[in-house]
Amino acid sequence: MGRVCSEIQEWVEEQVERPVETFVNELREFCEEQDCNWWCLCCNKWFCWLAWVVVRVVTWVIVTVGKWVTRIVCEVVNFVLDVIGFVIELILSIPIIGGIIRTILNWITEIIWRIIGLIDFLASLAGIRLRKKMYFGVVVPPITPIASDADIQRQVDATINFYDRTCNINMIFTGICHTNISPPGGTFTVGCDAGGFFSDWWLDGSYFEFASATCKFRDSFRRVIGLGSEIIIFIVQDVTPANTNGCSFSSTHNWVVIEAQPTDQAFVAAHEIGHACWLTHSGDPSNLMAGITPATNPTLTNVQIAVVRWSKHCVYI
Ligand SMILES: [Zn+2]
């Protein structure tokens, strides 16, 4: 949650520090322009400069010290919350029992935040779509062959541009994490079917949860409470059945998977994020959620846009 602290600091700099600085500069110009009152030995100018010095010192102390105290307190609170989140995620990475709790927890948080966001959903349906944001990052396990960072970046850029263009969502990319933790068995094939769903309660799911907790520690608490939780894209060797390039089990977890070398399709990550936000497949071949993801300029319907914006991952702050 440390990202909230840096955002608060940016807001203070933008909305408080800069206007204060402008005011101090205007006061200085005012003092410079004052004519000297000879009958009191320029006392008006001296008072003006004295006032300027006092204002400058007081505002600097209040704004700068206030800003950093807020930041430090915020970071400490966030760190403690993320440690709590990390410990919970370790529990959730226990095979079977952790997996079952994880599935239930993620669906419950999704449903709660969707109930709370119902009015926003209706507003989105009606076309009122204020800027929202969604965090996403990539985790690359130590497997071969693996997609290059350039390949991954192509998916990332396509995802950012697509959701910005269609949904007025600012997709904030948290980076590519190359983890040293090997997947179970050293290879990684993920089944995107009922078998895959249940193996997610076993070692695969444990791996995803543990690698998320260690690679994306900074978001641990958010992932536990769900609100604004980052979607993590894992790169895997193969997704089955054949001709499947990626997989998501909707709200079941905070991650999606895509294959190591998605050579011709830039929108697989965007498609899987759509699933993570409750979108199902579309019969329209030009739709992002078509069974075969379109290679260029995919679309979303009005209802699909509202459903994505309604997701727990998609927030205002
Ligand atoms: Zn799909």
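Residues numbered from 1 in each chain as written. Predicted model: local features only at pLDDT ≥ 70, side-chain atom pairs only at ≥ 80, totals over all residues.

Now for the overall build of the chain. Along its length, the chain carries 10 helices and 8 strands. In terms of overall size, the chain is more extended than a compact globule, its C-alpha atoms giving a radius of gyration of 25 Å where 317 residues would be expected to give roughly 20 Å. Projected onto its principal axes, the C-alpha coordinates of the chain cover approximately 95 × 40 × 40 Å. Per-residue burial for the chain yields a buried fraction of 35% across its 317 residues. (Helix = DSSP H or I, 4+ residues; strand = E, 2+ residues; numbered from the N terminus. Rg over C-alpha atoms; globule rule 2.2 N^0.38 Å. Buried ≥ 20, exposed ≤ 12 C-beta atoms within 10 Å, placed from the backbone.)

We now examine the environment of Leu227. Structurally, Leu227 can be placed in the loop between α8 (220-225) and β4 (231-236). Leu227 sits in the partly exposed class, given 18 other C-beta atoms within 10 Å. The spacing of Leu227 and Val315 is 88 residues in sequence and 7.4 Å in space, taken between C-alpha atoms. Setting aside anything within four residues of it in sequence, one finds Leu227 in contact with Trp113, Arg222, Lys312 and Val315. (Contact = placed C-beta atoms within 7 Å.)

Glancing now at the nonpolar core. Among the nonpolar cores identified, the biggest contains 51 residues, and Ile233, Phe234, Ile235, Val236, Val256, Val257 and Ile273 are the most heavily contacted of them. Counting residues per element, the ones that place at least two in this core are β1 (132-140), α5 (149-167), β2 (169-178), α7 (203-215), β4, β7 (255-259), α9 (268-276) and α10 (302-309). Excluding its chain neighbours within four sequence positions, the residues that come into contact with Ile273 are Phe136, Thr159, Ile231 and Val256. (Core = buried A, V, L, I, M, F, W, Y, C linked by C-beta atoms within 7 Å.)

It is worth spelling out the domain arrangement of the chain at this point. Here the chain is partitioned into domain 1 (2-88) and domain 2 (97-315). When each unit is reduced to the centre of its C-alpha atoms, the spacing between domain 1 and domain 2 is 41 Å. Counting residues at the interface gives 8 residues for domain 1, matched by 7 residues for domain 2. If you list the elements that add at least two residues to the side of domain 1 that touches domain 2, you get α1 (2-33) and α2 (43-92). For the side of domain 1 that touches domain 2, the leading source of residues is α2, giving 6 residues. By residue class, the composition of the side of domain 1 that touches domain 2 is 4 nonpolar, 2 polar and 2 charged. (Domains from an automatic or database assignment. Nonpolar A, V, L, I, M, F, W, Y, C, P; charged D, E, K, R; others polar.)

Our next topic: α9. Side chains three or four residues apart in an α-helix point the same way, a direct result of the helix having 3.6 residues per turn. In terms of residue burial, α9 counts as a mostly covered element, since 8 of its 9 residues are buried. Inspection of α9 places Val268, Ala269, Ala270, His271, Glu272, Ile273, Gly274 and Ala276 among the buried residues, and these make up the whole buried set. Elements that come into contact with the buried residues of α9 comprise β1, α5, β4, β6 (246-247), β7 and α10. Looking one or two residues beyond α9, the residue adopting positive phi is Trp278, at roughly 85 degrees.

Another aspect to go through is α2. With 50 residues, α2 should cover 74 Å at 1.5 Å per step; its first-to-last C-alpha distance of 71 Å lies within 8% of that length. When α2 is considered as a whole, its buried residues turn out to be Asn78, Asp82, Gly85, Ile88, Glu89 and Leu92. (Expected span 1.5 Å × (residues − 1).)

Relative to the helices and strands, Asp164 is located in helix α5. In the structure, Asp164 is positioned 66 residues away from Gly98 in sequence and 35 Å away in space, judged by C-alpha atoms. Each residue touching Asp164, except ones within four places of it in the same chain, is listed here: Ile169, Asn170 and Met171.

This part is about the packing of helix α4 (residues 118-125) against α10. Direction vectors running N to C along α4 and α10 enclose 150 degrees, while the axes themselves pass 8 Å from each other. On the basis of the axis angle, α4 is roughly antiparallel to α10. The crossing of α4 and α10 is right-handed. On α10, the residues that touch Phe121, Ser124 and Leu125 of α4 are Asn302, Val303, Ile305, Ala306 and Arg309. Each residue belonging to the contact of α4 with α10 can be placed in one class, and the counts come to 5 nonpolar, 2 polar and 1 charged. (Axes fitted to C-alpha atoms, helices over the stretch in contact; angles between N-to-C directions. Parallel < 35°, antiparallel > 145°, perpendicular 65-115°, else oblique. Left-handed = near helix turned anticlockwise from the far one by under 90°.)

So, about the packing of α2 against α7. If you want to describe how two helices pack, look at the angle between their axes and the distance between the axes. In the contact formed by α2 and α7, the axes pass within 8 Å of each other and the chain directions differ by 165 degrees. With respect to α7, the axis of α2 lies roughly antiparallel. Between α2 and α7 lies a crossing of left-handed hand. Contact with α2, carried on its side by Phe86, Glu89, Leu90 and Leu92, involves Glu209, Ser212 and Ala213 of α7 and no other residues of that element. Partitioning the contact of α2 with α7 into residue classes produces 4 nonpolar, 1 polar and 2 charged.

Glancing now at the confidence of the model for the chain. When pLDDT is averaged along the chain, the result is 92, and 98% of the positions lie at 70 or above. Looking across the chain, the model is least confident in helix α6 (residues 194-199), with a mean pLDDT of 87, and most confident in α10, with 98. (pLDDT = per-residue confidence, 0-100.)

A few words on unusual backbone geometry. A cis amide bond links Thr240 to the next residue, Pro241, at an omega of 0 degrees. Examined against the element boundaries, Pro241 turns out to sit in the loop between β5 (238-240) and β6. Notably, Ser250 is not glycine yet its phi reads approximately 55 degrees, a positive angle. Of the residues examined, Ser250 has 16 C-beta atoms within 10 Å and is grouped as partly exposed.

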